[in-house]
Amino acid sequence: MDLEKVFKNIVLLDLAILVLLVVSIVLEPEEITNISESLGTGIWDENTIIIIFMGFLIVYLINLILLYKFISFGKVLYLILSILGIVLPLTMGPIISSNLTYTLEWIGGASTGAILVLLYFSPIKDKFIKQ
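Every chain begins its residue count from 1, and numbering advances along the sequence as written. Given that the model is predicted, a residue must reach a pLDDT of at least 70 before its local features are reported, and side-chain atom pairs must reach 80 or more before they are shown or counted; all residues, however, enter totals for whole chains, interfaces and linings. No hydrogens and no water enter the side-chain calculation; it runs on all heavy atoms of the structure.

A short note on the environment of Leu13
A run of H or I in DSSP becomes a helix once it reaches four residues, and a run of E becomes a strand once it reaches two; helices and strands are each numbered from the N terminus. If you trace the backbone, Leu13 turns up in helix α1 (residues 3–26). For the exposure calls, accessible area comes from a 1.4 Å probe over protein chains only, and a residue counts as buried if that area is under 20% of its type's maximum, exposed if over 50%, partly exposed in between. For Leu13, a relative accessible area of 42% gives the class partly exposed. Each C-alpha atom of the pair Leu13 and Ile49 lies 26 Å from the other, and the pair is 36 residues apart in sequence.

Details of the environment of Val59
Locating Val59 in the fold gives a position in helix α3 (residues 46–68). Given the relative accessible area of 33%, Val59 is considered partly exposed. Put simply, Val59 and Leu81 are 22 residues apart on the chain and 8.5 Å apart in space, counted from C-alpha to C-alpha. Should any heavy atoms of two residues lie within 4.5 Å, those residues are considered in contact. In this structure, Val59 is in contact with Leu77 and Leu81, ignoring residues within four places of it in sequence.

Focus: a nonpolar patch on the surface
Together, Leu12, Leu15, Val19, Val23, Val26, Leu27, Leu61 and Tyr68 make up a nonpolar patch on the protein surface, roughly 690 Å² of accessible area in all. Secondary structure elements with two or more residues in the nonpolar patch: α1 and α3. The element that contributes the greatest number of residues to the nonpolar patch is α1, accounting for five residues. In this fold, Leu27 is placed in the loop between α1 and α2 (30–38). Within this analysis, patches are made of residues with over 30% relative accessible area and no salt bridge. Like charges are joined at 9 Å or less; nonpolar side chains (Val, Leu, Ile, Met, Phe, Trp, Tyr) at 5 Å or less. The Shrake-Rupley method, run with a 1.4 Å probe sphere, supplies the accessible areas, and residue values consider only the shown protein chains as cover. Take a side-chain nitrogen of Lys or Arg and a carboxyl oxygen of Asp or Glu: if they are within 4 Å of each other, that pair is a salt bridge.

Things to note about the packing of aromatic side chains
Stacked, tilted and edge-to-face are the three classes applied to pairs of Phe, Tyr and Trp rings, where Trp contributes its six-membered ring and a pair requires centres within 6.5 Å; stacked means planes under 30 degrees apart, edge-to-face means over 60, and tilted covers the rest. Applying the stated criterion to the full structure yields six aromatic pairs. Seen from their ring centres, Tyr60 and Tyr78 are 5.9 Å apart, and the 40° between their planes marks the pair as tilted. With Tyr60 in helix α3 and Tyr78 in helix α4 (residues 73–87), this pair connects stretches of sequence that are 18 residues apart. Comparing Tyr60 with Tyr78 shows no difference in burial state: the two are buried. On the basis of an interplanar angle of 70° and a centroid distance of 6.4 Å, the ring pair of Tyr102 and Trp106 is categorised as edge-to-face. One end of the pair, Tyr102, and the other, Trp106, are both in helix α5 (residues 99–121), four residues apart, so they sit about a helical turn from each other. Look at Trp106 and you get exposed, because its relative accessible area is 58%. In this scheme, the term charge over a ring applies when either NZ of a lysine or CZ of an arginine sits within 6 Å of the ring centre and within 35 degrees of the ring normal. For Lys8, the ring lying beneath its charged end belongs to Tyr68, and the centroid distance is 4.7 Å.

Printed below as a string of structure tokens:
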């Protein structure tokens with residue numbers, strides 16, 4: 001199978017996981033949401049968390065398009081977003097989630113790892129055009 005096609009399929013998988021994660025968070029049982037809200041929000045207030053999440057989501061979606069089209073800025077941006085995706089939750093306090101959300105987060109982490117490996121350690125890195 002062509003490496004370019006594999007890469008594009010993993011990017012699409014990452015998009016699908018992101019959509020499923022948002023849906024699973026929205027449809028989370030009320031009991032889980034109540035417990036999670038009672039634990040606090042870390043160093044951020046609730047409105048700030050929503051703004052950060054929405055901004056991150058928009059930039060992440062744009063970044064997936066850049067990766068799919070092999071635009072070089074997408075490589076750097078994806079690395080930055082991956083690092084932020086690890087660091088930001090550390091500042092947001094404890095989180096309780098459903099088993100579906102938890103599983104999707106793990107699968108999303110695996111797809112992020114696959115994308116990063118392909119971006120920086122495979123011949124696909126040469127496909128990205130400078131703009």
